[in-house]
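Structural features, examined
Listed below are the residues making up each chain.
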Amino acid sequence: MSWVVDQPATTKKEGARHEECTDCGKKGTSEEIPKLVAGKWDGKTVDVSWYLADKEADEYVIRTPEQLAGAAALMNYRDITTYVNSDGTLAVTEDGTVIYTDSKGTLYPTGAAGPAGATPTKGTSFAGQTLKLGADIDLGGKPFAPLGCGSSLQGLFDGAGHTVKNLYVTADMARHSGYRNQYYFGFFGCVAKEGAVKNLTLENVEFDVAVPEGAALCHVGGVAADTMQTSSITDVTVKGLR
């Protein structure tokens, strides 16, 4: 038996999940998932339950820092859902560090790009889909991996007038998950030509641009480190960039 998320929890409403036989598909016990509590990000908890509930949804509403970290994780790594707990959060190591896996099953800690020479990996691009903020997000000044440091954003990120504050990006977090000697400092690593970002405020943004000697590329941008051709960024404000 394994748990299946029927309805992700939000800050306003409980969610639901049920057990299901992996062989025959028969449903078992059902239970409630507690409401999400929005606060500062703890720097390690990553929630992808909202994505697992419907991978083909037209729109996903992000209401907590854990869900935003989940979006980044999904974009930056392949096969990430292999290590998902029953409540939709990502599995963690014994010391509490979130782990990711590439297509070969190699595990990497939060934000790390893996060993040099490892097979390049890409994640979910959200092509044709919308990521929409449903609340202000406080990342708590914890090292955060930019969205699109593996697979560039090909969908729409709509801030819906909300603010993401206390964004802190280090070199370890800014390292591309596929190209190990390239670094992308921004809320987004790369916005593809099909991608768009709008109606967003970033507040208290800090980049620790201490990349290793010999780095091939280092892109820096308050909103996006790199943009491609016809990508669009509109009505976005950055306050307190350092």
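Reading the values: rules and limits
- Residues numbered from 1 in each chain as written.
- Predicted model: local features only at pLDDT ≥ 70, side-chain atom pairs only at ≥ 80, totals over all residues.
- Heavy atoms only, no water.
- Core = buried A, V, L, I, M, F, W, Y, C linked by side-chain atoms within 4.5 Å.
- Buried < 20%, exposed > 50% of the residue type's maximum accessible area, 1.4 Å probe, protein only.
- Helix = DSSP H or I, 4+ residues; strand = E, 2+ residues; numbered from the N terminus.
- Contact = heavy atoms within 4.5 Å.
- Phe/Tyr/Trp six-rings, centres within 6.5 Å; stacked < 30°, edge-to-face > 60°.
- Disulfide = S-S within 2.5 Å.
- Pairing = 2+ DSSP bridges.
- Axes fitted to C-alpha atoms, helices over the stretch in contact; angles between N-to-C directions.
- Salt bridge = Lys/Arg side-chain N within 4 Å of Asp/Glu carboxyl O.

1. Section: the nonpolar core
In terms of nonpolar packing, the biggest core is built from 43 residues, with Leu68, Phe144, Leu147, Phe157, Phe187 and Phe188 touching the most fellow members. Per element, the largest residue contribution to this core is 7 residues, and it comes from helix H2 (residues 65-76). The residues contacting leucine 147, other than those within four sequence positions of it, are Leu68, Ala71, Ala72, Met75, Asn76, Phe157, Phe187, Phe188, Gly189 and Cys190.

2. Concerning the packing of aromatic side chains
Working definition: an aromatic ring pair is given by the centre-to-centre distance plus the angle between the planes. By the definition in use, this model includes 11 aromatic pairs. With a centroid separation of 6.2 Å and an interplanar angle of 20°, the aromatic rings of tryptophan 50 and phenylalanine 126 are classed as stacked. In this pair, tryptophan 50 is assigned in helix H1 (residues 49-52) and phenylalanine 126 in the loop between strand S6 (107-109) and strand S7 (130-133), connecting sequence segments 76 residues apart. Plain terms: the ring middles of phenylalanine 157 and phenylalanine 187 are 5.7 Å apart, the flat faces sit at 80° to each other, and that makes the pair edge-to-face.

3. Side note on the environment of serine 152
Tracing the backbone shows serine 152 in the loop between strand S8 (137-138) and strand S9 (156-170). When the C-alpha atoms of serine 152 and valine 191 are compared, they prove to be 5.3 Å apart, with 39 residues separating the residues in sequence. Excluding residues within four positions of it along the chain, serine 152 makes contact with Met75, Ser125, Cys190 and Ala192.

4. Regarding unusual backbone geometry
Of all residues except glycine, most have a negative phi; of all peptide bonds, most are trans. At asparagine 166, a position not held by glycine, the phi torsion is positive, near 60°. For asparagine 166, the location among the structural elements is in strand S9. Note on asparagine 166: relative accessible area 17%, which makes it buried. One non-glycine residue, asparagine 199, lies in positive phi territory at about 55°. For asparagine 199, the location among the structural elements is in strand S12 (residues 196-208).

5. Section: the state of the cysteines
Counting across every chain of the model gives 0 disulfides. In this model cysteine 21 remains outside any disulfide bridge; the closest cysteine sulfur is found in cysteine 24, 3.4 Å from its own. A relative accessible area of 19% means that cysteine 21 is categorised as buried.

6. Overview of the sheet that holds strand S2 (residues 15-20)
Read across the sheet, 3 strands follow the order S1-S2-S3 without closing on themselves; strand pairing throughout is antiparallel. The open sheet terminates on both sides in strands that have one partner only, identified here as strand S1 (2-7) and strand S3 (27-33). Looking at each pair of strands side by side, their axes are set apart by 25° on average, direction ignored. Sheet analysis places S1 next to S2, joined by 5 bridges and oriented antiparallel. What sits directly across from glutamine 7, in S2, is alanine 16.

7. Regarding the pattern of salt bridges
As enumerated under the stated definition, the model contains 1 salt bridge in all. Arginine 17 is paired through a salt bridge with glutamate 31; the nearest N and O atoms lie 2.2 Å apart. Placement of arginine 17 in strand S2 and of glutamate 31 in strand S3 is noted, with a sequence separation of 14 residues between them. Judged by its relative accessible area of 13%, arginine 17 falls in the buried class. Taking relative accessible area as the criterion, glutamate 31 reaches 31% and is therefore assigned partly exposed.

Coordinates in, geometry out; function isn't part of it.
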